[in-house]
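Analysis of the macromolecular model
What follows is each chain in one-letter form.
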Number of protein chains: 2
Amino acid sequence: MNTPEIPEIVVRRLPLYARTLSWLVEENVQTVSSQELGANLGMSPAQIRKDLSYFGEFGKQGTGYDVKYLLSQLRQILGVEREWLVALVGVGDLGHAIARYGGFGKRGFKIAALFDNDPRKIGQQVGELEILGMEALPMVVKGLRLRLGIVAVPAAKAQEVTDYLVECGIRGILNYAPINLHVPKGVRVRYIDPVVLLQSMTYHLKSG
Amino acid sequence: MNTPEIPEIVVRRLPLYARTLSWLVEENVQTVSSQELGANLGMSPAQIRKDLSYFGEFGKQGTGYDVKYLLSQLRQILGVEREWLVALVGVGDLGHAIARYGGFGKRGFKIAALFDNDPRKIGQQVGELEILGMEALPMVVKGLRLRLGIVAVPAAKAQEVTDYLVECGIRGILNYAPINLHVPKGVRVRYIDPVVLLQSMTYHLKSG
């Protein structure tokens, strides 16, 4: 199913479909039309049908999609029908909040190891995890077969930490530091920067 | 300068340029070419020149852009040469972390008021702010002339909180709840959902 010609923009939308479907499951909704999905997501029904058609035939004309079935298919396509363990580097205020974030577990992810370079933090407990020193990273990544890492260190340290994660075998990085990261081919980075998002709104609000 | 025909995708990129330029200022870099900016951001120099050309002539051919000047112009275009006060609703673990996040101040934003509906939290102090009850929202939004709000409540409450924020006069919402929000025309929403980003990577990693 993972044919290479799927546009990246489509891949980026699949998690939004999955998120909406999870929501519908919780609300005990059993079938959903592309119109309803589109209304929920602010997208056209045609766009949704086209996106999903890359991966097969999921709906019946006239009756819409079976919510649970489509969700399970999407979770398989996204690779989250199993749990992914994630390394978190940088356990300051932000790292603590990420480590405690309740939204990962239900959706396929678990923070499995915490790392920091501050000797005062190493050995401390956060939830059920102990903060480890950076020198433990290669062994843990190998031992737990980690492929995903979260970077929650200051901007000035983020590239260095990223290089180290990649060297240890991490192939996907979620970066909270407000800086652009450089990674070799085959490694992916996604960014979380609330200020960038706020600024894209003030542009529109500034004259109002 | 705020001509309506600027594509939204360009507006979304401006904060990334500003972020990179801030970084260059800290590194004492005085001029930067579109090639260098492009290399940093993983974009083509032509794209950067085209994006910036919507707003005027910022660079001299051959010498590149004056970093401080371009940054100050971008901050003006983005409307963040002044400080924006922001209301934060939902002061759980995540809300606490957002309230304490150090990255807002330098880049144009200040969390100015905290709200929660939990009587045990109302009256508590977080940094220099006291958590207020939801009934105080209209008065505070009006009094401080707030236009921006951050939603950090559980998914099941996010739409209701959003409706209330909009009713009170908020026009830009940064939503941390893992749910799609519906807002009237003229109100903007941006989303932060780490799981959506992680899932867009596992898609690529799942067979590896």
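Residues numbered from 1 in each chain as written. Chains lettered and ligands numbered in written order. Predicted model: local features only at pLDDT ≥ 70, side-chain atom pairs only at ≥ 80, totals over all residues. Heavy atoms only, no water.

**Section: the confidence of the model for chain A**
Here chain A averages 93 in pLDDT, and 98% of its residues register 70 or above. Reported for the predicted complex are a pTM of 0.91 and an ipTM of 0.93. (pLDDT = per-residue confidence, 0-100.)

**Concerning the pattern of salt bridges**
Residue and element names in this part refer to chain A. Per the counting criterion, the structure on display carries 19 salt bridges over all chains. Of the charged contacts, one joins glutamate 8 and arginine 12 as a salt bridge, the two residues approaching to 3.3 Å between their closest N and O atoms. In this pair, glutamate 8 and arginine 12 are both assigned in helix 1 (residues 8-26), four residues apart and thus about one turn of the helix distant. The exposure class assigned to glutamate 8 is partly exposed, which follows from its relative accessible area of 30%. (Salt bridge = Lys/Arg side-chain N within 4 Å of Asp/Glu carboxyl O. Helix = DSSP H or I, 4+ residues; strand = E, 2+ residues; numbered from the N terminus. Buried < 20%, exposed > 50% of the residue type's maximum accessible area, 1.4 Å probe, protein only.)

**Examining the pairing of strand 4 (residues 84-89) of chain B**
Residue and element names in this part refer to chain B. With respect to burial, strand 4 is a largely interior element, five of its six residues being buried. Of the strand pairs in this sheet, strand 4 and strand 5 (residues 109-116) are connected by six bridges, and their pairing is parallel. Note that in strand 5 the partner of alanine 87 across the bridge is alanine 113. In this fold, strand 4 hands off to helix 5 (residues 93-100), which returns the chain to strand 5; that crossover is right-handed. The sheet contact formed by strand 4 and strand 8 (residues 148-151) spans four bridges and is parallel. Paired with valine 86 across the bridge in strand 8 is leucine 148. (Pairing = 2+ DSSP bridges. Right-handed = clockwise from strand over helix to strand, strands pointing away.)

**Observations concerning the side chain of Arg19(B)**
Checked against the element boundaries, Arg19(B) lands in helix 1 (residues 8-26). With a relative accessible area of 7%, Arg19(B) lands in the buried category. Within polar-contact distance, the side chain of Arg19(B) engages the side chain of Asn180(A) at 3.3 Å. Discounting residues that sit within four places of it in the chain, Arg19(B) has contacts with Ala177(A), Pro178(A), Ile179(A), Asn180(A), Tyr191(A), Asp193(A), Val196(A) and Arg107(B). (Polar contact = N/O pair within 3.5 Å; in protein donor to acceptor, adjacent residues only side chain to side chain. Contact = heavy atoms within 4.5 Å.)

**Overview of the packing of aromatic side chains**
All chains considered together, the criterion is met by five aromatic pairs over all chains. Ring geometry for Tyr101(A) and Phe104(A): centres 5.0 Å apart, planes at 85°, overall edge-to-face. We note that Tyr101(A), like Phe104(A), is buried. Relative to Phe55(B), the ring of Tyr203(A) has its centre 6.4 Å away and its plane inclined at 85°; by these criteria the two rings are edge-to-face. (Phe/Tyr/Trp six-rings, centres within 6.5 Å; stacked < 30°, edge-to-face > 60°.)

**With respect to the domain arrangement of chain A**
All names here are of chain A. Split into domains, chain A comes out as domain 1 (8-77) and domain 2 (84-196). With centres defined by C-alpha atoms, the gap from domain 1 to domain 2 works out at 31 Å. Residue-level contacts link five residues of domain 1 with four residues of domain 2. Between glutamate 8 and arginine 190 there is a salt bridge, with its nearest N and O atoms 3.0 Å apart. At the junction of domain 1 with domain 2, the criterion picks out one residue pair in polar contact (both at pLDDT 80 or more). Counting residues per element, the side of domain 1 that touches domain 2 draws most heavily on helix 1, at four residues. Across the side of domain 1 that touches domain 2, the residue classes tally to no nonpolar, no polar and five charged. (Domains from an automatic or database assignment. Nonpolar A, V, L, I, M, F, W, Y, C, P; charged D, E, K, R; others polar.)

**Brief notes about the relation of the copies chain B and chain A**
Overlay of chain B on chain A (RMSD 0.0 Å): rotation 180°, translation along the axis 0.0 Å. Classification of the inter-copy transformation places it as that of a two-fold axis. For chain B, the minimum C-alpha distance to the rotation axis belongs to Ala97(B) and amounts to 3.0 Å. (Least-squares fit on C-alpha atoms with pLDDT ≥ 70 in both.)

**Observations concerning the interface of chain B and chain A**
Each partner contributes to the interface: chain B provides 63 residues, whereas chain A provides 64 residues. Carbon and sulfur atoms supply 65% of the area that chain B and chain A bury against each other, a total of about 6200 Å² over both sides. Summed over the three residues of chain B that lose the most area to chain A, namely Arg19(B), Gln199(B) and Tyr203(B), the buried surface amounts to 12% of that side. Ionic pairing is found between Asp193(A) and Arg19(B), a salt bridge with its closest N-O pair at 2.9 Å. The element that contributes the greatest number of residues to the side of chain B that touches chain A is helix 8 (residues 194-205) of chain B, accounting for 12 residues. A breakdown of the residues in the side of chain B that touches chain A according to their chemical character gives 36 nonpolar, 15 polar and 12 charged. (Buried area = accessible area lost by both parts, 1.4 Å probe.)

**What about helix 7 (residues 155-168) of chain B?**
Here helix 7 of chain B contains 14 residues, and its C-alpha end-to-end distance of 20 Å stays within 8% of the 20 Å for a straight helix at 1.5 Å per residue. Of the residues making up helix 7 of chain B, those classed as buried are Ala155(B), Ala158(B), Val161(B), Thr162(B), Leu165(B), Val166(B) and Cys168(B). Along its buried surface, helix 7 of chain B packs onto helix 1 of chain A together with strand 4, helix 6 (137-143), strand 8 and strand 9 (172-175) of chain B. Backbone geometry just after helix 7 of chain B places Gly169(B) at a positive phi near 115°. (Expected span 1.5 Å × (residues − 1).)

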